[in-house]
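Examining the three-dimensional arrangement
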Amino acid sequence: VQLQASGGGLVQPGGSLRISCAASGRTFGRDSMGWFRQAPGKEREFVAAIFRNSGTPKYADSVKGRFTMSRDNGKNTMFLQMDSLKPEDTAVYYCATGGRLILSSIGNAAAYDYWGHGTQVTVSS
């Protein structure tokens, strides 16, 4: 099972970036999928997730209204559209999936089974 995140880079404050995560080795159509991030010197934090095949994303308060998560089950891929980016969004972004999560645990990194290696997002002028 592999998750490959891509699309990170350097963007100016107020700009946009779209990152994606392609999964292989498993069909993730019924799994929960999540995005987490980790800034230097900080713990990994929840960004967004979709519980199983509900289709309805949940977001951290810090990104609500600016980030949009989506998934394409046919392509085993999930996306994170990031708009109105701020310097505090700078972090390594990780994608994760899991088949055993319950709704109340989608913000808990420990509840996920599979992780990608992460993609760096830097917001700076």
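Here we summarise the structure given alongside this text. Source: prediction; values computed, not measured.

**Concerning the nonpolar core**
Within the largest apolar cluster, 35 residues are counted, with the highest numbers of intra-cluster contacts made by Trp-35, Val-47, Phe-67, Met-69, Leu-80, Met-82 and Tyr-93. Of all elements in the fold, only strand E1 (2–6), strand E3 (17–24), strand E4 (32–38), strand E5 (45–50), strand E7 (67–72), strand E8 (77–82), strand E9 (91–98) and strand E11 (119–123) reach the threshold of two or more residues within this core. Residue contributions to this core peak at five residues, all from E5. Ignoring any residue separated from it by four or fewer positions in sequence, one finds Phe-67 in contact with Arg-37, Val-47, Tyr-59, Leu-80, Gln-81, Met-82, Asp-83, Leu-85, Asp-89 and Tyr-93.

**Side note on the pattern of salt bridges**
Enumeration according to the criterion identifies five salt bridges in this entry. Across the pair Glu-45 and Arg-37 runs a salt bridge, and its minimum N-O distance is 2.6 Å. Taking the relative accessible area as the measure of exposure, Arg-37 reaches 5% and is therefore buried. Between Arg-66 and Asp-89 there is a salt bridge whose closest N-O contact spans 2.7 Å. Of the two residues, Arg-66 sits in the loop between strand E6 (57–59) and E7 while Asp-89 sits in the loop between E8 and E9, which places them 23 residues apart along the sequence.

**Details of the state of the cysteines**
All chains considered together, the criterion is met by one disulfide. Two residues share a disulfide in this structure: Cys-21 and Cys-95, whose sulfurs sit 2.1 Å from each other. Given an S-S torsion of about 60°, the disulfide between Cys-21 and Cys-95 has right-handed geometry. Remark: Cys-95 occurs in strand E9 and Cys-21 occurs in strand E3; sequence separation between them is 74 residues. Residue class for Cys-95 comes out buried when judged on its relative accessible area of 0%.

**Description of the sheet that holds E3**
Read across the open sheet, the four strands follow the order E1-E3-E8-E7; overall the sheet is antiparallel. Only two strands of the sheet have a single neighbouring strand rather than two, namely E1 and E7. Ignoring strand direction, the axes of neighbouring strands in this sheet form an average angle of 15°. One ladder, built from five bridges, connects E1 with E3; its direction is antiparallel. Counterpart to Ala-5 in the pairing with E3 is Cys-21.

Parameters at a glance
- Sequence order as written defines residue numbering, which begins from 1 separately in each chain.
- In keeping with the predicted nature of the model, local features appear solely for residues at pLDDT of at least 70, side-chain atom pairs appear and are counted solely at 80 or more, and the whole-chain, interface and lining totals rest on all residues.
- Only hydrogens and water are set aside when side-chain values are computed; all heavy atoms of the structure are taken into account.
- Remark: nonpolar core denotes a set of buried residues (Ala, Val, Leu, Ile, Met, Phe, Trp, Tyr, Cys) joined through side-chain atoms within 4.5 Å.
- Only protein chains enter the accessibility calculation, which uses a 1.4 Å probe; a residue is then buried when its area is under 20% of its type maximum, exposed when over 50%, and partly exposed in between.
- In DSSP terms, a helix is any run of H or I states spanning at least four residues, a strand is any run of E spanning at least two, and both are numbered starting from the N terminus.
- Contact between two residues is taken to exist if any of their heavy atoms lie within 4.5 Å; hydrogens are not considered.
- Note on definitions: salt bridges are taken to be side-chain nitrogens of Lys or Arg within 4 Å of carboxyl oxygens of Asp or Glu.
- What counts as a disulfide here is a pair of cysteine sulfur atoms lying within 2.5 Å.
- Strands are labelled as partners when DSSP assigns at least two bridges between them.
- Fitting a line to C-alpha atoms yields each axis, with helices limited to the stretch in contact; the angle taken between N-to-C directions then spans 0 to 180 degrees.

Spatial relationships are all this shows, so hold off on functional conclusions.
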